[in-house]
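Reading the structure
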Amino acid sequence: MEFDSNVYNVALAALLTSIIVSVPIALAVALRLRSALPQYRPSKKLLRDTSVTLPNEVTSTSSSSSFSLSSDKKVIINTRGNTLNAIKENSFVAHTHRCTTTIFLGSGGHTAEMLQLISGLDISKYSPRHYVVGIDDHASVEKVHRFESSRHQRDVTTLFKSLTTAHQRQIAEDAGHLNGYTIHRIPRSRHVHQSLLTTPLTLVKSLIVAIPLIKHLTFLSIQKINHHCASVPSQPSEQTSLERSSLSSSSSPSQDLQCSGRRSILLMNGPGTCLALALAVIGARMIGISDELTPDLVFVESFARVQTLSLAGKLLYPLSDVFLVQWPKLKERYPRSHYIGTLV
Amino acid sequence: MSTHRSIFVTVGTTRFDKLVNAISSPDLLQLMHDLGFTHLSLQHGNSIVPTLFLPTIDNSEATTTATVTTIVKVESMQIEVYKYKASLHDDMINADLIISHAGAGSILEALRLQKKLIVVVNEDLMDNHQQELGSALHEQGYLVYCNVFRDLGKALRDKGYESLVPFPAPNAKLFADFLDEHLGFN
């Protein structure tokens, strides 16, 4: 009897302890998640303040970063018109007009729709392009090669992988920035007819690949920009020493602006495997990686969906920064979505 | 006869016995003939092929192989029957009228080719969203939509497929402009 009550007490204590420990953790995680979700995020990445006016001569350099401008930063921009003009001469500025584009290809109809969607993108702006395909989806890889070679682009995937040193990678990166694309493989989150019970397991498998992939695809480019940023102040020779000192004394805000000018997006249109990529990005935001470093999540629901979202759409609706639908009825039901007409 | 007018019937990878049966009925074949069609291609996928369309010799072998095409002549219509092809694109291009299941892929492919299209819904499949696409496009006049397979004869007779609205070509600029705007690339 005594033994039984001891066991009971221990079990009760363990239960209470686990509740006491897990509740704050769960709360903290929930709060982090809330702050990571686009609709609750204070910085409102997707609602760019378009009312910010910039001097004409710097508009082109900083327009791509204007999404994060608050009023005090605007003042800095105004007073630094000249400095920015000088920076504009520098080669890295060209990069701020570019957007690292990660494209998820879901196979079959999803791939066809996605390639149709991106066919209008200006490849000089949306580069480098990283395609993420299912591990056994050879048809999509074939379609990517056909699609890109029609625009005289090179596949630099193998170049990327075989290189081990940072210097070699840098060269490959540059090649990718010039005219190239890379293809990356990811395990599927859910196979056709797979039971819902085992789906979390395969999702974890996808996540194990997705997290380092997202980190590699987006952060690598950012590091490159930061590297360029760091070298900027010393390079423009025509700057006066006064300007230079003023730049270095309060350089961090304006540099941050410039560095954050490099955008990245993740384009998805289903099916479920893209959830792993989106979760990797949301996870990055949850651990406090700034908005500028994580790609904007863009989801485009299939044209075939008229009144109801696909499973992938339902899952990604709360996570996406931009959610596009192709039928007005869906726009009515999902107010955060955008409807701009038939896209495919 | 010098005029060559063909109908292409496709069920994709689905099983759609009712449509295949309806197509093979003498009434419907006669109707197609009366409407001036001379050729019929039937891609039956996993549906059961009516005996009418089976080749007289080597029955079993011909129908089990996906690539084998059977050609029969019924009601003075030249009829080509096959299970599946690597690409249905050529058959779509050659067709004057396409009768399709409600699959989004088939619908879009036919509309992109600016073909006259009759979509027949498979009530045995409870996949609602496909039916939604067919009826939504029907509301805009891009295709003829039959709810029950018995309506197919009526849909053919009414010649609603002659006066469809042309499906607009994809506008890739729409999405590109939207993204440019979002990213501030202007």
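Model, not experiment: these values are computed from the prediction.

Further remarks concern the overall build of chain A. Within chain A, the regular secondary structure consists of 15 helices and eight strands. The buried share among the 344 residues of chain A stands at 48%. Surface summary for chain A: the accessible area is close to 16300 Å², and the carbon and sulfur share equals 63%.

The next subject is helix α7 (residues 138-149) of chain A. Residues and elements named next belong to chain A. Its 12 residues place the ends of α7 17 Å apart at the C-alpha level, agreeing with the 16 Å of an ideal helix rising 1.5 Å per residue. Within α7, burial applies to S140, V141, V144, F147 and E148. Burial along α7 is one-sided: seen end-on, the buried residues are contained in an arc of 125 degrees. Residues of α7 that are exposed and point more than 90 degrees away from the buried face comprise H138 and R146. Here the buried face of α7 lies against β1 (99-105), α6 (108-118), β2 (129-134) and β4 (180-186).

Our next topic: the nonpolar core. Counting 56 residues, the largest nonpolar core has A:I118, A:Y131, A:L267, B:L133, B:L137 and B:F175 as its most contacted members. The contact partners of B:F175, leaving out residues within four places of it in the chain, are A:L117, A:L121, A:L267, A:V300, A:L324, A:I340 and A:L343. Grouped together as the second largest cluster of nonpolar side chains are 32 residues, A:I186, A:I214, A:V281 and A:L319 included.

Counted by the stated rule, this structure contains 10 salt bridges over all chains. When the shortest N-O distance is used, the salt bridge between A:D136 and A:R188 registers 3.0 Å. Placement of the pair is A:D136 in the loop between β2 and α7 and A:R188 in the loop between β4 and α10 (199-231), with a sequence separation of 52 residues. Between B:D177 and B:K173 there is a salt bridge, with its nearest N and O atoms 3.0 Å apart. You can see B:D177 and its partner B:K173 sitting in helix α8 (residues 172-183), four residues apart, about one turn around the helix.

Take the packing of aromatic side chains next. Across all of its chains, the model carries seven aromatic pairs over all chains by this definition. Measuring from ring centre to ring centre gives 5.3 Å for A:F303 and A:W327, while their planes differ by 20 degrees; the resulting arrangement is stacked. Placement of the pair is A:F303 in the loop between β6 (296-300) and α14 (311-316) and A:W327 in the loop between β7 (322-325) and α15 (328-333), with a sequence separation of 24 residues. Given a relative accessible area of 1%, A:F303 falls into the buried group. By relative accessible area, which is 7% here, A:W327 ends up buried. Members of the aromatic cluster, each reached through a chain of ring pairs, are A:F299, A:Y317, A:F323 and A:Y334. Here the basic side chain of B:R5 rests over the ring of B:F37, its NZ or CZ set 4.4 Å away from the ring centre. We note B:K85 situated over the ring of B:Y82; from NZ or CZ to the ring centre the distance is 4.3 Å.

The interface is formed by 37 residues belonging to chain A together with 24 residues belonging to chain B. The contact between chain A and chain B buries some 2700 Å² in all, and 67% of this surface belongs to carbon and sulfur atoms. Where chain A meets chain B, there are one salt bridge. Its salt-bridge partner being A:K125, residue B:D180 comes within 3.3 Å of it at the nearest N-O pair. The interface formed by chain A and chain B includes five residue pairs in polar contact (both at pLDDT 80 or more).

Taken in spatial order, the eight strands line up as β3-β4-β2-β1-β5-β6-β7-β8 (chain A) in an open sheet, and their pairing is parallel. Strands with a single pairing partner mark the edges of an open sheet, and in this sheet they are β3 (154-155) and β8 (338-339) of chain A. Across two bridges, β7(A) lies against β8(A) in parallel orientation. The residue of β8(A) that forms the bridge with A:L324 is A:H338. Against the sheet, α8(B) contacts β1, β5 (263-268), β6, β7 and β8 of chain A, and its axis sits at roughly 145 degrees relative to β5(A).

Another aspect to go through is the packing of α6(A) against α7(A). Residues and elements named next belong to chain A. At a minimum axis distance of 10 Å, the contact between α6 and α7 shows a crossing angle of 20 degrees. Judged by the angle between their axes, α6 and α7 are roughly parallel. Handedness of the α6/α7 crossing: right-handed. Of α7, the residues touching α6 (which contributes G108, T111, L115 and I118) are S140, K143 and F147.

So, on to the environment of A:V325. Here A:V325 is to be found in strand β7. If near-sequence neighbours (up to four positions away) are discounted, A:V325 is found in contact with A:E301, A:L309, A:L330, A:K331, A:S337, A:H338, A:Y339, A:I340 and A:G341.

Residues and elements named next belong to chain A. Averaged over all residues, the pLDDT of chain A is 71; the fraction at 70 or higher stands at 63%. This stretch, residues 46-95, has a pLDDT under 50; its non-local contacts, to residues over four places away or in other chains, come to 85 contacts. Ignoring residues within four places in sequence, the model shows residues 229-261, a span with pLDDT below 50, making 48 contacts including any to other chains.

With that settled, the discussion passes to the confidence of the model for chain B. Here chain B averages 81 in pLDDT, while 84% of its residues score no lower than 70. Low confidence marks residues 56-66 of chain B, where pLDDT is under 50. Its contacts with residues over four positions away, or in another chain, come to six contacts.

Attention now moves to the environment of B:H4. Residue and element names in this part refer to chain B. Examined against the element boundaries, H4 turns out to sit in the segment before β1 (6-10). Taking relative accessible area as the criterion, H4 reaches 47% and is therefore assigned partly exposed. Separated by 35 residues in the primary sequence, H4 and H39 place their C-alpha atoms 7.1 Å from one another. A polar contact is formed between the side chain of H4 and the side chain of H39, at a distance of 3.4 Å.

A surface patch of nonpolar side chains, amounting to about 1000 Å² of accessible area, comprises A:Y8, A:L12, A:L15, A:L16, A:I19, A:I20, A:V21, A:V23, A:I25, A:L27 and A:V29. With respect to the helices and strands, the residue A:I25 is situated in helix α1 (residues 2-36).

About the criteria used
- Residues numbered from 1 in each chain as written.
- Chains lettered and ligands numbered in written order.
- Predicted model: local features only at pLDDT ≥ 70, side-chain atom pairs only at ≥ 80, totals over all residues.
- Heavy atoms only, no water.
- Helix = DSSP H or I, 4+ residues; strand = E, 2+ residues; numbered from the N terminus.
- Buried < 20%, exposed > 50% of the residue type's maximum accessible area, 1.4 Å probe, protein only.
- Areas by Shrake-Rupley, 256 points an atom, 1.4 Å probe, with all protein chains shown as cover.
- Expected span 1.5 Å × (residues − 1).
- Arc of directions from axis to C-beta.
- Contact = heavy atoms within 4.5 Å.
- Core = buried A, V, L, I, M, F, W, Y, C linked by side-chain atoms within 4.5 Å.
- Salt bridge = Lys/Arg side-chain N within 4 Å of Asp/Glu carboxyl O.
- Phe/Tyr/Trp six-rings, centres within 6.5 Å; stacked < 30°, edge-to-face > 60°.
- Lys NZ or Arg CZ within 6 Å of the ring centre and 35° of its normal.
- Buried area = accessible area lost by both parts, 1.4 Å probe.
- Polar contact = N/O pair within 3.5 Å; in protein donor to acceptor, adjacent residues only side chain to side chain.
- Pairing = 2+ DSSP bridges.
- Axes fitted to C-alpha atoms, helices over the stretch in contact; angles between N-to-C directions.
- Parallel < 35°, antiparallel > 145°, perpendicular 65-115°, else oblique.
- Left-handed = near helix turned anticlockwise from the far one by under 90°.
- pLDDT = per-residue confidence, 0-100.
- Patch = residues over 30% accessible without salt bridge, like charges linked within 9 Å, V, L, I, M, F, W, Y side chains within 5 Å.

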